Every structure is written in C-alpha cells, then in structure tokens.
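# Structural overview for review
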Amino acid sequence: MNALAAFHLRAAAIYVALGMAAGIAMAASQHFEYGPAHGHLNLLGFASSAIYGLVLKDRPDLAATRFAVAHAILAHLGLVVMTIGLTILFSGDVATGEPVAKAGSVLVLLGGLAFIKLVFAATRRSI
Ligand code: HEM
C-alpha cells in the first residue's frame with residue numbers, strides 16, 4: 001500500500017481508539033459536556049481519515065502528489081487543533097478554547113475543500 005494511504009488508515013485506527021477511550025472516560029465521569037470533542041475526534045478523525053485512506057489506497061498516483069500531502073497535513077493538523085480547542089472550550093474556558101477551535105476548524109475546512117479536488121481527480125472518467 002502507498003505510504004499516504006497507510007498514514008491515513010493508521011491515524012484513523014489511533015483516533016478511534018482514543019475516541020472510544022475518551023467516550024468511556026466521559027461516560028464514567030458523567031462529563032457529557034465533552035461530547036462534541038469526542039464526536040469530532042471519532043467522525044472527523046476516524047471515519048473521515050479512513051475514507052481518505054481508502055480513496056488514496058485505490059489511487060497511488062494521486063497519493064504521490066504534493067497536493068495529497070498538503071491535504072493530509074490540513075486534515076490531521078486541523079483535527080488535532082480543533083479537538084484540543086473543543087476540549088478546552090467545553091471545559092468552560094471559552095476565551096481560550098474558542099479561537100483554537102476556530103483555527104482548527106478552518107484548517108479542517110481547507111482540507112475538506114482539498115478533498116473535493118482529490119475525489120474529482122480519483123473519479124474522473126478514463127474513456
Ligand atoms: C467505546 C466507544 C464509545 C463510547 C463509550 C462513547 C460514549 C459517548 C458518550 C457518553 C456520549 C455523550 C452522550 C450524551 O451527551 O448524552 C457520546 C456522544 C457521541 N459519540 Fe460516542 N462513544 C463511543 C464511540 C463513538 C464512535 C466510534 C463514534 C463515531 C464514529 C461516536 C460518535 C459520537 C457522537 C457524534 C456523539 C454526539 C456528540 C455531541 O453530542 O455533540 N462515538 N459518545
């Protein structure tokens with residue numbers, strides 16, 4: 001498998017384990033206010049990264065481009081920054097958490113826009 005697809009899939013596996021552990025900790029401690037951080041770590045982290053990995057696994061030519069690497073940086077850096085921001089925000093420190101969550105979410109969005117280009121390239125008709 002190409003290196004970038006493997007990176008996305010491995011990251012997805014790590015995110016879901018972290019997300020589940022956070023879910024159990026959240027439930028055990030009755031701190032349900034952290035639900036959005038947990039939900040985003042699982043859905044943006046696990047589910048989205050797994051899809052990025054599967055798309056790029058199918059297209060090693062695309063995975064070898066700088067654009068695909070830039071997308072990976074935006075997606076993963078954005079997720080980590082956003083999850084930290086959401087965690088701080090929902091702990092009650094809105095003044096610190098909100099700008100961090102906003103910055104992370106913009107990176108995530110840029111990654112999402114980059115993924116449009118990757119998916120359109122991956123699904124182009126070959127006839
Ligand atoms: C061991 C596994 C997991 C545990 C123990 C767990 C636990 C929880 C808990 C306690 C909540 C808060 C519920 C509430 O506010 O009433 C929650 C919310 C949520 N979980 Fe999980 N979860 C797990 C795995 C997952 C996975 C794998 C995903 C997605 C792929 C996921 C997505 C979500 C979402 C979207 C929410 C709603 C967040 C929100 O309210 O903003 N969870 N989970």
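Residues numbered from 1 in each chain as written. Predicted model: local features only at pLDDT ≥ 70, side-chain atom pairs only at ≥ 80, totals over all residues. Heavy atoms only, no water.

## A few points about the overall build of the protein
Secondary structure summary: the protein contains five helices and zero strands in total. Helices and strands in the protein line up, N terminus first, as α-α-α-α-α. Expressed as lengths along the three principal axes of its C-alpha atoms, the size of the protein is roughly 55 × 25 × 20 Å. Evaluated residue by residue, the protein yields a buried proportion of 35% over its 127 residues. By sequence separation, contacts in the protein at least 24 residues apart represent 74% of the contacts at least 6 residues apart. Carbon and sulfur atoms form 72% of the exposed surface of the protein, whose accessible area is close to 7300 Å². Charge-centre separation for the protein: the mean point of 8 positive side chains lies 18 Å from the mean point of 5 negative side chains. (Helix = DSSP H or I, 4+ residues; strand = E, 2+ residues; numbered from the N terminus. Buried < 20%, exposed > 50% of the residue type's maximum accessible area, 1.4 Å probe, protein only. Contact = heavy atoms within 4.5 Å. Areas by Shrake-Rupley, 256 points an atom, 1.4 Å probe, with all protein chains shown as cover. Lys, Arg positive; Asp, Glu negative; His and termini not counted. Charge placed at Lys NZ, Arg CZ, Asp CG, Glu CD.)

## Quick notes on the coordination of the iron atom of the ligand
Counting protein donors to the iron atom of the ligand gives just one, His-38 (NE2), placed at 1.9 Å. Mapped onto the elements, His-38 comes out in helix H2 (residues 35-58). (Donors = N, O, S within 2.8 Å, 3.2 Å for Na, K, Ca; no water.)

## Comments concerning the site of the ligand
Taken together, Met-20, Gly-23, Ile-24, Met-26, Ala-27, Phe-32, Gly-35, Pro-36, His-38, Gly-39, Asn-42 and Leu-43 make up the full set of residues near the ligand. Between the ligand and His-38, the relevant distance is 2.8 Å, taken from a nitrogen atom to a side-chain nitrogen or oxygen of the residue. In the model, a nitrogen atom of the ligand is placed 3.5 Å from a nitrogen or oxygen of the Asn-42 side chain. Ranked by the residues each element gives to the shell around the ligand, the list is headed by H2, at six residues. Of the residues contributing to the shell around the ligand, the split by class is seven nonpolar, five polar and no charged. (Near = heavy atom within 4 Å. Polar contact = N/O pair within 3.5 Å; in protein donor to acceptor, adjacent residues only side chain to side chain. Nonpolar A, V, L, I, M, F, W, Y, C, P; charged D, E, K, R; others polar.)

## Looking at the nonpolar core
In terms of nonpolar packing, the biggest core is built from twelve residues, these being Leu-4, Ala-5, Tyr-52, Leu-56, Leu-62, Ala-63, Ala-68, Ala-72, Ala-75, Phe-115, Leu-118 and Ala-121. For this core, the elements supplying multiple residues, two or more each, are helix H1 (3-29), H2, helix H3 (60-63), helix H4 (66-90) and helix H5 (94-122). If we skip the residues at most four places from it in the chain, Ala-121 touches Arg-59 and Leu-62. Core analysis: the second largest hydrophobic core is formed by six residues, Met-82, Leu-86, Ala-101 and Val-108 among them. (Core = buried A, V, L, I, M, F, W, Y, C linked by side-chain atoms within 4.5 Å.)

## Concerning the pattern of salt bridges
Note on pairing: side chains with opposite charge can pair once their charged atoms come close. Counted according to the given criterion, the structure contains two salt bridges. A salt bridge links Arg-59 to Asp-61; the nearest nitrogen and oxygen atoms lie 2.7 Å apart. The partner of Glu-98 in a salt bridge is Lys-102, with the nearest N and O atoms 3.7 Å apart. Within this pair, Glu-98 and its partner Lys-102 are both found in helix H5, separated by four residues, close to a single helical turn. (Salt bridge = Lys/Arg side-chain N within 4 Å of Asp/Glu carboxyl O.)

## Here's the deal with the UniProt feature "transmembrane region" (unreviewed entry) in the protein
Sequence positions flagged by UniProt for "transmembrane region" (unreviewed entry) are, in local numbering, residues 37-55, 67-91 and 103-122. Along residues 37-55 one finds 100% helix and 0% strand; the C-alpha atoms at either end are 26 Å apart. A distance of 36 Å separates the end C-alpha atoms of residues 67-91, which is 96% helix and 0% strand. (UniProt positions renumbered as here; feature names shortened; annotations may be inferred.)

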